[in-house]
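Examining the three-dimensional arrangement
Single-letter residue listing:
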Amino acid sequence: MKLEAIGIGKQLPDKSWLFRSIDLSIRQGEIVGLQGASGSGKSSLCRILAGMDSPTEGEVRINGHLLPKRGYHPVQLVYQHPEHAVNPRWKVGAILNEGWQPDDELLDALHIDRSWFNRWPSELSGGQLQRICIARSLSPHTSYLLADEMTTMLDAITQAQIWKTALQIAERRKMGMLVVSHDRALLHKVCDRVIDFHAWTV
Amino acid sequence: MKRSYLLTIISASVLLVVPLLLAALLSSKGLLSQLDARNLSPSWNHLFGTDWLGRDMLTRTMKGLALSIGVGTAASISSAIIACILGLIAATLGKTADRIITWLIDCFLSVPHLVLLILIAFAAGGGMKGVILALALTHWPSLARLLRAEILAMKVAPYVIISKQLGKSSWWIATRHMLPHLLPQFIVGALLMFPHAILHEAALTFLGMGLSPHQPAIGIILSESMKYISAGMWWLAVFPGLCLFIVVRAFDMLARSLYSIIDPSRARQ
């Protein structure tokens with residue numbers, strides 16, 4: 001039971017390669033860190049793993065099968081900028097419940113206040129909105145979570161709260177995680193192993 | 001803030017309904033010549049005065065405005081439908097369709113409106129049919145371009161992609177995410193076409209390529225009044241011109257206030 005990237009590569013419109021021949025495997029319940037310079041292709045790799053973009057070569061498999069094209073996607077991606085990840089015309093409650101209805105336990109663990117539900121996204125701070133986005137992506141059907149600089153924009157206390165909850169859920173549900181960050185200390189603290197994207201692609 | 005926009009919308013709507021109501025209420029008798037009441041300046045009996053044939057200018061102006069609003073409505077709706085279809089095709093049917101439609105939009109936008117209007121109205125044989133056809137065929141490009149750009153931007157918007165990840169179907173995404181965003185833009189775009197269409201109808205008619213002279217159109221009234229202005233009959237041009245200006249401004253204000261209310265960046269207010 002694992003999420004596998006087999007020999008994947010991504011070519012840019014100018015025909016140069018962003019990265020090539022990447023093999024990556026994340027087992028159930030494993031937390032893998034990914035660090036690398038800006039523009040090296042970490043976010044593109046995440047998008048490919050989540051099935052939002054197709055690789056130029058290679059393939060992504062989940063438990064031996066190709067990624068599903070329809071239905072709830074077992075690999076969920078949490079963006080760095082939550083304000084882009086929510087429809088500005090929807091109230092926060094509708095955004096949170098788009099894919100599933102998070103239970104009180106999860107909402108409490110992420111310190112989500114019920115009074116936010118009737119507000120517009122523009123009335124919430126980035127940190128509050130990011131917690132909504134994380135709760136939205138943590139459905140029981142999520143087998144793998146890709147955290148692309150998930151807590152970079154948050155203060156240290158909120159970061160700690162969110163990682164504590166995410167790690168607890170990952171452990172309880174045997175959910176695999178790919179943590180993309182510039183913060184080496186964070187990666188070494190929360191991950192089982194850390195991959196350097198630069199060393200990998202060169 | 002929202003209240004002041006609502007107030008503007010209500011007053012603009014009233015300004016647009018008044019000529020329609022007056023046109024329906026005023027008897028067509030005012031359109032007949034009364035040779036004993038020629039060239040009368042504005043008075044209580046004839047608020048906008050009378051012309052060189054003794055026709056009541058208030059009746060002519062209101063009937064003319066109602067006709068202009070009717071022509072503007074027909075032309076704007078047809079134009080908006082053309083824009084919607086072409087914008088959708090360009091954004092969804094692949095690169096070749098997009099290139100052809102973008103090229104068509106550029107072609108239409110590169111020629112001055114009035115030149116195209118005259119050509120199409122002339123080719124269609126003038127009259128009401130010619131005017132509506134010319135207006136409908138020339139006013140769609142900017143709205144089509146806007147809709148195309150909006151749909152293309154929405155297709156790659158992270159929240160739309162996330163919605164797909166959350167298991168939502170394309171139809172669900174189109175109706176819940178895209179339509180609520182596009183519909184206000186479409187309505188406002190179509191509303192902003194009205195003042196253009198009305199002004200261009202008047203301009204076409206003024207130039208003699210539009211509605212036939214027996215119809216009480218604002219363009220005809222203004223065109224005919226030019227001959228009498230030097231004789232001091234200012235009311236023939238001032239009142240119809242002012243009314244046309246008010247109707248056009250009312251449409252403009254209505255569309256802009258509506259946009260301010262439904263613009264997502266102002267959702268907080």
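What counts, and at which threshold
- Residues numbered from 1 in each chain as written.
- Chains lettered and ligands numbered in written order.
- Predicted model: local features only at pLDDT ≥ 70, side-chain atom pairs only at ≥ 80, totals over all residues.
- Heavy atoms only, no water.
- Helix = DSSP H or I, 4+ residues; strand = E, 2+ residues; numbered from the N terminus.
- Contact = heavy atoms within 4.5 Å.
- Areas by Shrake-Rupley, 256 points an atom, 1.4 Å probe, with all protein chains shown as cover.
- Lys, Arg positive; Asp, Glu negative; His and termini not counted.
- Charge placed at Lys NZ, Arg CZ, Asp CG, Glu CD.
- Patch = residues over 30% accessible without salt bridge, like charges linked within 9 Å, V, L, I, M, F, W, Y side chains within 5 Å.
- Salt bridge = Lys/Arg side-chain N within 4 Å of Asp/Glu carboxyl O.
- 1 Å grid on protein atoms, 1.4 Å probe; cavity = no way out; pocket = protein on both sides within 12 Å on 5 of 7 lines; lining within 4 Å.
- Points joined across faces, edges and corners; volume = space filled by probe spheres on them.
- Nonpolar A, V, L, I, M, F, W, Y, C, P; charged D, E, K, R; others polar.
- Buried < 20%, exposed > 50% of the residue type's maximum accessible area, 1.4 Å probe, protein only.
- Arc of directions from axis to C-beta.
- Core = buried A, V, L, I, M, F, W, Y, C linked by side-chain atoms within 4.5 Å.
- Phe/Tyr/Trp six-rings, centres within 6.5 Å; stacked < 30°, edge-to-face > 60°.
- Lys NZ or Arg CZ within 6 Å of the ring centre and 35° of its normal.
- Buried area = accessible area lost by both parts, 1.4 Å probe.
- Polar contact = N/O pair within 3.5 Å; in protein donor to acceptor, adjacent residues only side chain to side chain.

1. A word on the overall build of chain B
Scanning chain B from N- to C-terminus turns up 10 helices and zero strands. Start at the N end of chain B and walk to the C end: the helices and strands fall as α-α-α-α-α-α-α-α-α-α. Dimensions of chain B, computed from the C-alpha atoms along their principal axes, are close to 80 × 45 × 25 Å. For chain B, the share of sequence-separated contacts (at least 6 apart) that also reach a separation of at least 24 residues comes to 71%. Approximately 13,400 Å² of chain B is accessible, and the part contributed by carbon and sulfur atoms is 70%. Counting 21 positive and 10 negative side-chain charges, chain B places the averaged centre of each group 11 Å from the other.

2. Quick notes on a nonpolar patch on the surface
Taken together, the side chains of Leu114(B), Phe206(B), Leu207(B), Met226(B) and Ile229(B) define a hydrophobic patch exposed on the protein surface, amounting to about 410 Å² of accessible area. Note on placement: Met226(B) falls in helix H9 (residues 218–229).

3. As for empty space enclosed by the protein
Residue and element names in this part refer to chain A. Within the structure shown, the criterion is met by one cavity of 30 Å³ or more. Taken as a whole, the largest cavity encloses approximately 60 Å³ of empty space. The set of elements that each furnish at least two residues to the lining of the largest cavity consists of strand E6 (75–78) and helix H4 (126–137). If one sorts the elements of the lining of the largest cavity by residue count, H4 sits on top with four residues. In the lining of the largest cavity, the residues fall into seven nonpolar, three polar and one charged.

4. Some words on helix H4 (residues 113–123) of chain B
Residues and elements named next belong to chain B. Within the sequence span of H4, burial applies to Leu116, Leu117, Ile120 and Ala121. Each buried residue of H4 lies within a common arc of 125 degrees when the element is viewed along its axis, so the set occupies one face. Turned more than 90 degrees away from the buried face of H4 sit Leu119, Phe122 and Ala123, all of them exposed. Buried-residue contacts for H4 involve helix H3 (95–110), helix H5 (127–138) and helix H8 (170–206).

5. Description of the nonpolar core
Ranked by size, the top nonpolar core spans 69 residues in total, and within it Trp163(A), Met177(A) and Leu178(A) carry the most contacts. Those residues within four positions of Met177(A) in sequence are excluded, and the remaining contacts are Ile26(A), Glu30(A), Ile31(A), Val32(A), Leu145(A), Ala147(A), Trp163(A), Ala166(A) and Ala170(A). Formed by 32 residues, the second largest nonpolar core is a distinct cluster that contains Ile9(B), Met233(B), Leu236(B) and Leu244(B).

6. Regarding the environment of Ile85(B)
Residues and elements named next belong to chain B. Structurally, the position occupied by Ile85 is in helix H2 (residues 57–92). The partly exposed category is assigned to Ile85, whose relative accessible area is 45%. For Ile85 and Pro213, which are 128 residues apart along the polypeptide, the C-alpha to C-alpha distance reads 35 Å.

7. Describing the packing of aromatic side chains
All told, the structure shown has seven aromatic pairs over all chains when counted by the stated rule. With centroids separated by 4.5 Å and ring planes inclined at 20 degrees, the aromatic side chains of Phe194(B) and Phe251(B) adopt a geometry described as stacked. Within this pair, whereas Phe194(B) is found in helix H8, its partner Phe251(B) is found in helix H10 (residues 235–262), the two being separated by 57 residues in sequence. Phe251(B) carries the same exposure label as Phe194(B), and that label is buried. Each member of the aromatic cluster is reached from another via a ring pair, and the members are Phe48(B), Trp234(B), Trp235(B) and Phe239(B). For the cation-ring pair, Arg20(A) lies above Trp17(A), with the distance from its terminal atom to the ring centre recorded as 3.9 Å. Note that Lys168(B) overlies the ring of Trp172(B), its terminal NZ or CZ placed 4.7 Å from the centroid.

8. What about the interface of chain A and chain B?
Contact residues are listed per partner, giving 23 residues for chain A and 20 residues for chain B. Together, Asn87(A), Arg89(A) and Glu98(A) form the three largest contributors to the area buried by chain A at its contact with chain B, with a combined 32%. At the junction of chain A and chain B, the tally comes to zero salt bridges. At the boundary of chain A with chain B, the tally comes to 11 residue pairs in polar contact (both at pLDDT 80 or more). Tallied by class, the residues present in the side of chain A that touches chain B amount to 10 nonpolar, eight polar and five charged.

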